[in-house]
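Here are the chains, one letter per residue:
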Amino acid sequence: MSSIDFLVQGIIRAFELIFNLNPYIMSITGVSIKVSGTATILATLTAIPLAFAISFLHFRGKQALITMVNTGMGLPPVFVGLFVFLMIVPVGPLGFLNIVYTQEAMILAQYILITPIITGICIAAIKAVPQSIIETVYTLGGTQNDAVIETLKEARFGIITAVLAGFGRALAEVGAILIVGGNIARTGSVGGIGEGLSQTRTLTTAITSETSKGDISTSIALGLILISFVLFVNILANYFQGRD
Amino acid sequence: MKLIRIDNLYMAFADKEVLRNINLEIHQEEIFALIGPSGTGKTTFLRILNFLEKPIKGDIEYNGMTKPGILDTRRRMSLLFQTPAIFNKSVFENVAYGLKVRGIEKKIVETKVNEALNIVGLDGMEKQKARTLSGGEAQRMAFARAIVYDPEILLLDEPTANLDPANVTKIEEIIKRIKNERGTTIILATHNIPQVRRIADRVGILLNGELIEVNSKEGIFSSPKDARSKAFINGEMIY
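Calculation notes
- Residues numbered from 1 in each chain as written.
- Chains lettered and ligands numbered in written order.
- Predicted model: local features only at pLDDT ≥ 70, side-chain atom pairs only at ≥ 80, totals over all residues.
- Helix = DSSP H or I, 4+ residues; strand = E, 2+ residues; numbered from the N terminus.
- Buried ≥ 20, exposed ≤ 12 C-beta atoms within 10 Å, placed from the backbone.
- Contact = placed C-beta atoms within 7 Å.
- Pairing = 2+ DSSP bridges.
- Axes fitted to C-alpha atoms, helices over the stretch in contact; angles between N-to-C directions.
- Core = buried A, V, L, I, M, F, W, Y, C linked by C-beta atoms within 7 Å.
- pLDDT = per-residue confidence, 0-100.
- Left-handed = near helix turned anticlockwise from the far one by under 90°.
- Nonpolar A, V, L, I, M, F, W, Y, C, P; charged D, E, K, R; others polar.

**Student:** Which parts of the structure should I look at to understand the overall build of chain A?
**Tutor:** Counting secondary structure elements, chain A contains eleven helices and zero strands. Counting only C-alpha atoms, chain A reaches 75 × 45 × 25 Å along its principal axes. When each of the 244 residues of chain A is scored for burial, the buried share is 42%. A separation of at least 24 residues holds for 77% of the contacts in chain A among residues at least 6 apart in sequence.

Set out below in structure tokens:
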């Protein structure tokens, strides 16, 4: 079999797996969305208030916090994975949580990875709101809370872009969740392929394991789903950047 | 009757002196024009009055209060910038903003906004996206936004600087109407001498951060006390 035939057969089989809603593929997709979605929601809830606090308030340690956010934007995922793993192993400071090789651990790792990214982009979006808008709120009798609300409204498309960028990063991430999640699927074959249903296996970690096993069609199917999601998120982000 | 009293006001940014030794009284229901060349400190002066800048030295008394509360005092005035900042909302929502932050009832907001839009000649444009307005319309909308809550003091920073003659005439008519009908005290920063002749009651000349003369409109144009005032008014001053 030539390499082209091998690839074509792999793609055909991949589409069959997707359109037949193969339970193994669907469970992996579900875990990916659940883990990345939850991490994005939690990171957003932290990042937006943090970005506004940094932009509007003067407090001790503000510059150190900005430096931490900037550093955090470029954190290597495997380092975050290792750090979270060392925190949550039974002898670690968070060992009592008993979350090693669980989705919660993966959410925690992704939360640490994407919170600085969302915060940094939010700060940039807030800074892009003209100072004259904020001053106009004050001149018209508004309070600092009114200024924050108005800035949030003016920067909304930039903030949505930040959240989407965080979600995209979480979805495509592999190193950290591989370490803390363990890439586990329940044993037993479902539909003749894969290893059953995903427990902590995501689209990215599954691609690495399926490829190493030589199951190219499953890898291609997972890759197609992953790239569709990332593409969709980027189209949305571009749309909102355009609105901005 | 005096509404604002300013004593020994001094302001600098970094090492650059912007205002020095300003002593001034603003009377109720007058149009006080603060004139002077560009970059002489007029905008900073208005920003200080509106608490957007904190002076390095000096006292400002509003209505006899030496230490007025910022929010309460600010809510009794309005500052209109040379280039108005427009919220990404409809004309109605922009104009209603000052009332909304004061928690005014919806029905009253509607009446007040319509009244303000009528004064500036923008009736029927309530639903339009404010950022699609022309320069003149945007300035008039900002004017409506500034007067909708009946401020006691209106601070105007070069309100007609970027407008065509027709819009300049409209804005000047609105200024006079606001003063006559509502008794609003207006402080107008401008370098437009003919405009000062048309609408001001009293005039102060600010030169290099120093208030060199305060006089009635008639006094400043017919018999200025300071030779530099005369030179500025006659357009003989090079700056």
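**Student:** What's the story with the sheet that holds strand β7 (residues 185-190) of chain B in this structure? I'm lost.
**Tutor:** By definition, the strands of a sheet pair up through backbone hydrogen bonds, in either a parallel or an antiparallel sense. Residue and element names in this part refer to chain B. A sheet is described by the order of its strands in space; here six strands give the open sequence β5-β6-β7-β3-β8-β9, paired in mixed fashion. Each having just a single partner strand, β5 (77-80) and β9 (210-216) make up the two edges of the open sheet. The average undirected angle you get between the axes of adjacent strands in this sheet is 15 degrees. Together, β5 and β6 (153-157) form the strand contacts of helix α5 (residues 135-147), whose direction differs from that of β5 by roughly 165 degrees.

**Student:** Looking at this model, I keep getting lost on the pairing of strand β3 (residues 31-35) of chain B. Mind explaining?
**Tutor:** Every other side chain in a regular strand lies on the same face of the sheet, so the side chains alternate between the two faces. Residues and elements named next belong to chain B. Of all five residues that make up β3, five are buried, and the element is covered over most of its length. Burial of the side chains of β3 extends over both faces: I31, A33 and I35 are buried on one face and F32 and L34 on the other. As judged from the five bridges shared by β3 and β7, these two strands associate in the parallel manner. The residue of β7 that forms the bridge with A33 is L188.

**Student:** How do you make sense of the environment of I119 of chain B when you look at a structure like this?
**Tutor:** Residue and element names in this part refer to chain B. Of note, I119 is situated in helix α4 (residues 106-120). Look at I119 and you get buried, because 20 C-beta atoms sit within 10 Å. A sequence separation of 104 residues divides I119 from S223, and the C-alpha atoms of the two residues are 36 Å apart. Apart from the residues lying within four places of it in its own chain, the contact partners of I119 are A144, I174 and R177.

**Student:** Explain the nonpolar core to me, please; I cannot follow it from the model alone.
**Tutor:** Side chains of a nonpolar character, in soluble globular proteins, are inclined to be buried together. Residues A109 and C122 of chain A together with M141, A144, L155, I187 and L188 of chain B are the most contacted members of the largest nonpolar core, which totals 132 residues. The leading source of residues in this core is helix α5 (residues 103-127) of chain A, at 16 residues.

**Student:** Would you take a moment to explain the confidence of the model for chain B for this structure?
**Tutor:** All names here are of chain B. In the predicted model, chain B carries a mean pLDDT of 92, and the fraction of residues at 70 or more is 99%. Within chain B, the lowest mean pLDDT, 86, falls on helix α9 (residues 227-233), and the highest, 97, falls on helix α3 (residues 91-100). Predicted as a complex, the structure gets a pTM of 0.82 and an ipTM equal to 0.92.

**Student:** Can you walk me through the packing of helix α6 (residues 131-139) of chain A against helix α7 (residues 144-154) of chain A in this structure?
**Tutor:** A packed helix pair is summarised by two numbers, namely the angle formed by the two axes and the spacing between the axes. All names here are of chain A. At a closest axis distance of 9 Å, the pairing of α6 and α7 adopts a crossing angle of 145 degrees. The way α6 lies across α7 gives a crossing that is right-handed. In this structure, α6 contributes I133, I134, V137 and Y138 to the contact, and α7 contributes D146, A147, E150, T151 and E154. By residue class, the composition of the contact of α6 with α7 is five nonpolar, one polar and three charged.

**Student:** What exactly am I supposed to notice about unusual backbone geometry here?
**Tutor:** Leaving glycine out, the prevailing phi sign among residues is negative, and the prevailing peptide bond configuration is trans. Although it is not a glycine, N183 of chain A adopts a positive phi angle of roughly 55 degrees. The partly exposed category is assigned to N183 of chain A, around which 19 C-beta atoms lie within 10 Å. Positive phi outside glycine occurs at N8 of chain B, with the angle close to 50 degrees. If you trace the backbone, N8 of chain B turns up in strand β1 (residues 2-13).

**Student:** Looking at this structure, I do not really get the sheet that holds strand β2 (residues 16-27) of chain B. What am I missing?
**Tutor:** Residues and elements named next belong to chain B. An order of β2-β1-β4 is seen for the three strands of this open sheet, with the pairing classed as antiparallel. Two strands close off the open sheet at either side, each with one partner strand: β2 and β4 (57-62). Ignoring strand direction, the axes of neighbouring strands in this sheet form an average angle of 10 degrees.

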